[in-house]
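# Report on the structure
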Amino acid sequence: MDQKVQNLIDGLNEDLAHEYAASIMYTYNAAVVQGLYYQVLKPFFESEIGDEQGHALYLAEKIKTLGGTPTTKPAEVKQLSDVKDMLEEAKRAEHDTILRYEERKQQAEELGYTELVVKLDDMIADETGHMEEMERLLADPRLQ
């Protein structure tokens, strides 16, 4: 296999591990959030799970299509209980994901994988929206 394709597959597997982790993080956060923000954040966290699982499914299928084997291991997930910490960690995770997808997009462009480039743009847009939602939630003065 071409080394550039293998590097892309390796990177997509890293991305897949982080999408698994994001799904776990949002599931965990929805389950443990409590207090004043419970009614707002529980459904918010739950709504993020589907997006992350959709990204994971796409990545796994693309890895297989490119000749690789999708990972089944998630990246590490922190078990936080403080609402502000949960939101800050989620914001950081979304930011890191955007950076990884930008790198993956560049790799895909170099290989001429137009469909993957377009899909990564869509996923970057999704993750940017998630990150901006975290920023708006963190702007609440009660969390300062």
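Nothing here was measured: the structure is a model prediction, and the numbers come from that model.

### Comments concerning the overall build of the chain
- Along the chain, the regular secondary structure elements total 4 helices and 0 strands.
- When the elements of the chain are put in sequence order from the N terminus, they spell out α-α-α-α.
- Relative to a compact globule of 144 residues, whose C-alpha radius of gyration would be 15 Å, the chain shows 16 Å and is just as compact.
- Principal-axis analysis of the C-alpha atoms gives the chain an extent of 55 × 25 × 20 Å.
- Counting the 144 residues in the chain, one finds 42% classified as buried.
- Nonlocal contacts in the chain, meaning residues at least 24 apart in sequence, comprise 81% of its contacts between residues at least 6 apart.
- Here the chain has roughly 7800 Å² of accessible surface; of this, 50% comes from carbon and sulfur atoms.
- The chain carries 15 positive and 30 negative side-chain charges, and their two centres are separated by 2 Å.

### Here we look at the nonpolar core
- Core analysis: the largest hydrophobic core is formed by 20 residues, its most contacted members being L12, L16, L59, Y101 and L116.
- When contributions to this core are tallied by element, the ones reaching two or more residues are α1 (3–32), α2 (38–65), α3 (83–111) and α4 (114–138).
- Tallying contributions element by element places α4 first for this core, with 6 residues.
- Apart from the residues lying within four places of it in its own chain, the contact partners of L116 are L8, L12, Y58, K62 and A108.

### Quick notes on the environment of A21
- Counting through the fold element by element, A21 comes out in helix α1.
- Excluding residues within four positions of it along the chain, A21 makes contact with P74, A75, E76 and V77.

### Regarding the packing of aromatic side chains
- With the rule as written, the count across this model stands at 2 aromatic pairs.
- Measuring from centroid to centroid gives 5.7 Å for F44 and F45, while their planes differ by 50°, and the two rings are tilted.
- Judged by its relative accessible area of 12%, F44 falls in the buried class.
- Take F45: its relative accessible area is 0%, and that puts it in the buried class.
- One aromatic cluster in this structure is built from Y26, F44 and F45.

### As for the packing of α1 against α2
- For the pair α1 and α2, interaxial distance at closest approach is 8 Å and the crossing angle is 160°. With respect to each other, α1 and α2 are oriented roughly antiparallel. With respect to the hand of their crossing, α1 and α2 are arranged in left-handed fashion.
- Among the residues forming the contact of α1 with α2, the class breakdown is 13 nonpolar, 6 polar and 7 charged.

### Focus on the layout of surface pockets
- What the largest pocket holds in volume is close to 270 Å³.
- Along the wall of the largest pocket there are 19 residues; nearest its centre are H18, E76, E89, R92 and A93.
- Those elements giving two or more residues to the lining of the largest pocket turn out to be α1 and α3.
- A total of 7 residues in the lining of the largest pocket trace back to one element, the largest contributor, which is α3.
- Its residues placed into classes, the lining of the largest pocket shows 7 nonpolar, 2 polar and 10 charged.

Definitions and limits used
- Residues numbered from 1 in each chain as written.
- Predicted model: local features only at pLDDT ≥ 70, side-chain atom pairs only at ≥ 80, totals over all residues.
- Heavy atoms only, no water.
- Helix = DSSP H or I, 4+ residues; strand = E, 2+ residues; numbered from the N terminus.
- Rg over C-alpha atoms; globule rule 2.2 N^0.38 Å.
- Buried < 20%, exposed > 50% of the residue type's maximum accessible area, 1.4 Å probe, protein only.
- Contact = heavy atoms within 4.5 Å.
- Areas by Shrake-Rupley, 256 points an atom, 1.4 Å probe, with all protein chains shown as cover.
- Lys, Arg positive; Asp, Glu negative; His and termini not counted.
- Charge placed at Lys NZ, Arg CZ, Asp CG, Glu CD.
- Core = buried A, V, L, I, M, F, W, Y, C linked by side-chain atoms within 4.5 Å.
- Phe/Tyr/Trp six-rings, centres within 6.5 Å; stacked < 30°, edge-to-face > 60°.
- Axes fitted to C-alpha atoms, helices over the stretch in contact; angles between N-to-C directions.
- Parallel < 35°, antiparallel > 145°, perpendicular 65-115°, else oblique.
- Left-handed = near helix turned anticlockwise from the far one by under 90°.
- Nonpolar A, V, L, I, M, F, W, Y, C, P; charged D, E, K, R; others polar.
- 1 Å grid on protein atoms, 1.4 Å probe; cavity = no way out; pocket = protein on both sides within 12 Å on 5 of 7 lines; lining within 4 Å.
- Points joined across faces, edges and corners; volume = space filled by probe spheres on them.

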